[in-house]
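# Coordinate analysis (summary)
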Amino acid sequence: VVSRRVREAVVSTQSTGGGANVFKVSYFKGNAYLAQSPQLYKQMAVCADIERVFTVGAVFRAEDSNTHRHLCEFVGLDIEMAFKEHYHEALDVIGNMFLSMFRGLQSRYATEIETVHKQFPAEPFKFIEPALRLEWPEAISMLREAGVEIGDFDDLSTRKRSSSASWYEQSTILILHSR
């Protein structure tokens, strides 16, 4: 199945919703909003029988958050796909996409990575193939073994992720799912 790129509008006369705060801008004689998500464009493409679509584009979120995990503007990679039998098809596509990206970076940019490592020494980036796929109970068990206090259905909060940093940093690709 071939994936197709969808190009979304960056400026819209309507807020695209999704729960995020928006950047309102003056646009000619009216108002407009900076794109929050390409979700609508991707869903329209899938409904038009394009089985797999992706976008790479600017995303703007007017969130009043001052943390290292929140950005008001970023370039996002978004995918949308139909699956025929099970959502594991989507997990396979996502895992294979990351593996392809990582292999491509290693092979095409080895010289650039080496140059960066000369100035900023770091361990080589490691990943495993195939992508690691854990079921939720197994992941919770691994966190508990690493000393993280977590309930069976707790979210992975910032504090819990921070306290499990050594375990988390040793992991490569985690795709958590249930049966």
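Residues numbered from 1 in each chain as written. Predicted model: local features only at pLDDT ≥ 70, side-chain atom pairs only at ≥ 80, totals over all residues. Heavy atoms only, no water.

This next bit is on the pairing of strand E4 (residues 30–34). Here is the key point about a regular strand: its side chains alternate between the two faces of the sheet. Looking at chain direction, strand E2 (residues 11–12) and E4 are connected through two bridges and run antiparallel. Counterpart to Val11 in the pairing with E4 is Leu34. Where strand E3 (residues 24–27) lies against E4, four bridges are found, and the strand directions are antiparallel. Across the sheet, Tyr27 pairs through a bridge with Gly30, a residue of E4. (Pairing = 2+ DSSP bridges. Helix = DSSP H or I, 4+ residues; strand = E, 2+ residues; numbered from the N terminus.)

Time to look at helix H4 (residues 136–145). If you check which residues of H4 are buried, you get Ala139, Ile140 and Leu143. End-on, the buried residues of H4 take up no more than an arc of 100°, which puts them together on one face. Those residues of H4 that are exposed and aimed more than 90 degrees away from the buried face are Pro137 and Glu145. Just beyond H4, the residue with positive phi is Gly147, at close to 95°. (Buried < 20%, exposed > 50% of the residue type's maximum accessible area, 1.4 Å probe, protein only. Arc of directions from axis to C-beta.)

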